[in-house]
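# Descriptive structure summary
Chain residues, written in single-letter form:
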Amino acid sequence: EDQVTQSPEALRLQEGESSSLNCSYTVSGLRGLFWYRQDPGKGPEFLFTLYSAGEEKEKERLKATLTKKESFLHITAPKPEDSATYLCAVALNSGYSTLTFGKGTMLLVSP
Amino acid sequence: DTAVSQTPKYLVTQMGNDKSIKCEQNLGHDTMYWYKQDSKKFLKIMFSYNNKELIINETVPNRFSPKSPDKAHLNLHINSLELGDSAVYFCASSRLAGVRSYEQYFGPGTRLTVT
């Protein structure tokens, strides 16, 4: 069965303390891996798409990387406004544009 | 301008009632989705419509019926509501094809509470 596992479930950082979130997947036929950010009471907001191993994408303090088994979301010198739940999702080669989501990592950055 | 909007934002109702949630997108996308996010924050696809045609129907009770009057709207009607239906329901949209077809844009969600 296709699975997406995110770790840790929750992460607490001090402002400026860099860290990484992990998304590991066991799927057959990966078409793409996606990162979303979800703030409390809001819908997920698209961040990045990664299509092949070795690919990297950056946006402000966030950098996403992809290997054949996992993806990392690196957060450099985070600020309190980076606090949110970060969701990872995969799209498979078969079928239409469906995404299978992980359960997310809840990030809290303290000033 | 709101890209994907949903109404209502909150919905509290009793077991056995029938309710609807409306969704509209102004992004010009061809595909729309309904997701359910349970109390553990797990987000799961329910339905997908492509140009008003149902293309994905995951294992969802028959009490849930999506309706798409046009490609900018996808409504969700729920009959005979049960306690287990309590969740946040998200509408999303994406392009039909191409490398960006998996980039889905989500609405703000509708928190449904069944008492």
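Above this text sits the structure in question.
It should be emphasised that the depicted structure is a prediction, and the values quoted were computed from it without experimental measurement. (Residues numbered from 1 in each chain as written. Chains lettered and ligands numbered in written order. Predicted model: local features only at pLDDT ≥ 70, side-chain atom pairs only at ≥ 80, totals over all residues. Heavy atoms only, no water.)

## A word on the overall build of chain A
Quick reminder of the rule: Numbering of helices and strands runs from the N terminus; a helix is a DSSP stretch of H or I covering at least four residues, while a strand is a stretch of E covering at least two. Here the globule rule is a power law, 2.2 Å times the number of residues to the power 0.38, and the radius of gyration is based on C-alpha atoms. Buried means the residue's accessible area, taken with a 1.4 Å probe over protein chains only, is under 20% of the maximum for its type, while exposed means over 50%, and partly exposed covers the values in between. Here, residues are in contact when the closest pair of their heavy atoms is within 4.5 Å. Computed by Shrake-Rupley with a 1.4 Å probe, the accessible areas treat only the displayed protein chains as cover when residues are assessed. Counted as positive: Lys and Arg. Counted as negative: Asp and Glu. His and the chain ends are not counted at all. Taken as the charge location is NZ of Lys, CZ of Arg, CG of Asp or CD of Glu.
Along the backbone of chain A there are zero helices and eleven strands. Counting from the amino terminus, chain A carries its helices and strands in the arrangement β-β-β-β-β-β-β-β-β-β-β. The C-alpha radius of gyration of chain A comes to 13 Å, within 12% of the 13 Å expected for a compact globule of 111 residues. Among the 111 residues that make up chain A, the fraction classed as buried is 48%. Considering only residue pairs separated by 6 or more positions, chain A has 55% of its internal contacts joining residues 24 or more positions apart. In the form shown here, chain A has an accessible surface area of approximately 5500 Å², with 49% of it arising from carbon and sulfur atoms. Positive and negative side-chain charges of chain A, numbering 12 and 14 respectively, have mean locations separated by a distance of 2 Å.

## A closer look at the interface of chain A and chain B
Our working definition: By convention, the term buried area covers the 1.4 Å-probe accessible surface removed from two parts as they join, with the contributions of both added. By definition, a salt bridge exists where a carboxyl oxygen of Asp or Glu is found within 4 Å of a side-chain nitrogen of Lys or Arg. The term polar contact refers here to a pair of N or O atoms within 3.5 Å; inside protein, the definition further demands a hydrogen-donor-capable atom paired with an acceptor-capable atom, and it admits residues adjacent in sequence only when both atoms are side-chain atoms.
Of the residues lining the interface, 22 residues belong to chain A; the matching set on chain B comes to 20 residues. Of the roughly 1800 Å² buried between chain A and chain B on both sides combined, carbon and sulfur atoms contribute 60%. Run the count over chain A and chain B and you get zero salt bridges. One can count four residue pairs in polar contact (both at pLDDT 80 or more) joining chain A with chain B. Those elements that provide at least two residues to the side of chain A that touches chain B are strand 4 (30-38), strand 5 (45-50), strand 9 (84-92) and strand 10 (99-101) of chain A. With four residues, strand 4 of chain A is the single largest residue contributor to the side of chain A that touches chain B.

## Quick word on the nonpolar core
One recurring pattern in soluble globular proteins is that nonpolar side chains are buried together. Stated formally: Throughout, nonpolar core names a set of buried Ala, Val, Leu, Ile, Met, Phe, Trp, Tyr and Cys residues whose side chains join them through atoms within 4.5 Å.
Within the largest apolar cluster, 24 residues are counted, with the highest numbers of intra-cluster contacts made by Leu33, Trp35, Leu73 and Tyr86 of chain A. For this core, the elements supplying multiple residues, two or more each, are strand 2 (10-14), strand 3 (19-26), strand 4, strand 5, strand 7 (62-66), strand 8 (70-75), strand 9 and strand 11 (105-110) of chain A. If you tally residues by element for this core, the top one is strand 9 of chain A, at five residues. Contact partners of Leu73 of chain A, with chain neighbours within four places excluded, come to Ser19, Ser20, Leu21, Trp35, Phe48, Leu62, Lys63, Ala64 and Tyr86 of chain A. Ranked by size, the runner-up nonpolar core spans 20 residues in total, among them Val4, Ile21, Tyr89 and Cys91 of chain B.

## Focus: a positive patch on the surface
Filter applied, for reference: Surface patches are drawn from residues lacking salt bridges whose relative accessible area is over 30%; two like charges belong together within 9 Å, two nonpolar side chains (Val, Leu, Ile, Met, Phe, Trp, Tyr) within 5 Å.
Together, Lys42 of chain A together with Lys9, Lys41 and Arg111 of chain B give the surface a local cluster of positive charge. Relative to the helices and strands, Lys42 of chain A is located in the loop between strand 4 and strand 5. Exposure remark for Lys42 of chain A: the relative accessible area of 51% places this residue in the exposed category.

Honestly, it's all geometry; don't read function into it.
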